[in-house]
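Now for the letters of each chain:
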Amino acid sequence: MDLFNQTELFSTDEVIKTTFDLPGADVTLFENFFSTKESNRLYDSLLKNTIWEQDSMTIYGKQVNLPRLTAWYGDTAKTVSYADNNRKMLPWNADLKCIKERVEQEVSIKFTRCLLNYYRDRKDSVDWHQDYEESQRENTVIGSVTFGATRPFQLKHATRNDLKRISIPLAHGSLLLMQGATQNNWKHKIPKTSKPIQPRINLTFRWIK
Ligand SMILES: O=C(O)CCC(=O)C(=O)O
Ligand SMILES: [Fe+2]
């Protein structure tokens, strides 16, 4: 796919690491964590080989489709409850294993599952939320990898409105690590965009027994 090649003219494949100074959060961005060449290959392969599902949720008594497609992969065939759906996790494939191992070189844990999100167009999004169940949020690690279009990843504090929101552009081949108490204290979202945008795939690697 050539969609994301245009940026190659302007960017190098040098990894750029940025740490964000947010109270009660530990958030680090690695731009170009995967090279443009690797990212193009992985985007194509994940798009084609992932078993994408359309999940739904109940809003005011009505069943509505989530504004994105999703897939769960992991160590075991455990059932995951997500929105109003129960899904059996699928076994890791070669691409996912390779991405997972690369991310694990930056953290002290081995991930046990991964949620993939496919944002097909500008109308696909994910609303404000915190990852993990409330009882599991202490000292968590989320490794978030993006392939495809750049979308802004917005963060706001869960209880303090004196703190500014921030927006981190997550580009093709980037890795965002959220650690420590980030999920306890901060919510995040990917908004819809007003302008047409190319598709985007995001993978969030998680650790749950
Ligand atoms: O697409 C993203 O960057 C974030 C996805 C997300 O927050 C989630 O799946 O929990
Ligand atoms: Fe999330």
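Scoring rules and cut-offs
Residues numbered from 1 in each chain as written. Chains lettered and ligands numbered in written order. Predicted model: local features only at pLDDT ≥ 70, side-chain atom pairs only at ≥ 80, totals over all residues. Helix = DSSP H or I, 4+ residues; strand = E, 2+ residues; numbered from the N terminus. Rg over C-alpha atoms; globule rule 2.2 N^0.38 Å. Buried ≥ 20, exposed ≤ 12 C-beta atoms within 10 Å, placed from the backbone. Contact = placed C-beta atoms within 7 Å. UniProt positions renumbered as here; feature names shortened; annotations may be inferred. Near = placed C-beta within 6 Å. Nonpolar A, V, L, I, M, F, W, Y, C, P; charged D, E, K, R; others polar. Pairing = 2+ DSSP bridges. Axes fitted to C-alpha atoms, helices over the stretch in contact; angles between N-to-C directions.

**What about the overall build of the protein chain?**
A count of helical and extended segments in the protein chain gives three helices and 16 strands. Relative to a compact globule of 209 residues, whose C-alpha radius of gyration would be 17 Å, the protein chain shows 16 Å and is just as compact. Taken along its principal axes, the extent of the C-alpha atoms in the protein chain is 45 × 40 × 40 Å. Out of the 209 residues belonging to the protein chain, those deemed buried represent 29%. Restricting to contacts in the protein chain with at least 6 residues of sequence separation, those with at least 24 account for 72%.

**What about the UniProt feature "domain: Fe2OG dioxygenase" (unreviewed entry) in the protein chain?**
Residues annotated by UniProt as "domain: Fe2OG dioxygenase" (unreviewed entry) correspond here to residues 110-209. For residues 110-209, the helix share is 4%, the strand share is 48%, and the end-to-end C-alpha distance is 11 Å.

**Concerning the site of ligand 1**
Leu115, Asn117, Val126, Asp131, Ser144, Phe153, Leu170, His188, Ile190, Asn202 and Thr204 make up every residue found near ligand 1. Those elements that provide at least two residues to the shell around ligand 1 are strand 9 (113-119), strand 15 (186-190) and strand 16 (200-206). Taken together, the residues of the shell around ligand 1 sort by class into five nonpolar, five polar and one charged.

**Let's talk about the sheet that holds strand 5 (residues 69-74)**
If you trace the eight strands from one edge of the open sheet to the other, you get 1-2-14-11-16-9-5-8, paired in mixed fashion. With one partner strand each, in any of the chains shown, strand 1 (16-20) and strand 8 (90-91) form the two edges of the open sheet. Both strand 11 (residues 142-148) and strand 14 (residues 174-179) contribute to a ladder of five bridges, which runs antiparallel. Bridging from a neighbouring strand, Gly143 pairs with Leu177 of strand 14. Of the strands in this sheet, strand 11 and strand 16 touch helix 1 (residues 36-49), which is tilted by about 95 degrees from strand 11.

**Concerning the sheet that holds strand 13 (residues 166-170)**
Reading across from one edge, 10-15-12-13 is the order of the four strands in this open sheet, with antiparallel pairing throughout. Strand pairing shows two members of the sheet lacking a second neighbour, strand 10 (126-129) and strand 13, which therefore form its edges. Between one strand axis and the next, the sheet turns through 20 degrees on average, direction left out of account. Of the strand pairs in this sheet, strand 10 and strand 15 are connected by two bridges, and their pairing is antiparallel. Of the residues in strand 15, the one forming a bridge with Val126 is Ile190.

**Details of the environment of Val80**
Note that Val80 resides in strand 6 (residues 79-82). Measuring from C-alpha to C-alpha, the distance between Val80 and Arg113 comes to 10.0 Å, with 33 residues separating the pair along the chain. When residues no more than four places from it in sequence are discounted, the contact partners of Val80 are Trp72, Arg87 and Met89.

**Quick look at the pairing of strand 4 (residues 62-65)**
Bridge count between strand 3 (residues 56-59) and strand 4: four bridges; the pairing is antiparallel. Note that in strand 4 the partner of Ser56 across the bridge is Asn65. Here strand 3 hands over to strand 4 after two residues, with Tyr60 in that stretch at a positive phi of 50 degrees.

**Some points on the pairing of strand 9**
Among the seven residues of strand 9, five are classified as buried, and the element is accordingly described as predominantly covered. Note that strand 5 and strand 9 share six bridges and pair antiparallel. Along strand 9, the bridge assignment pairs Thr70 with Asn117. Relative to strand 16, strand 9 runs antiparallel, the two sharing seven bridges. Bridge pairing in strand 16 links Asn117 to Asn202.

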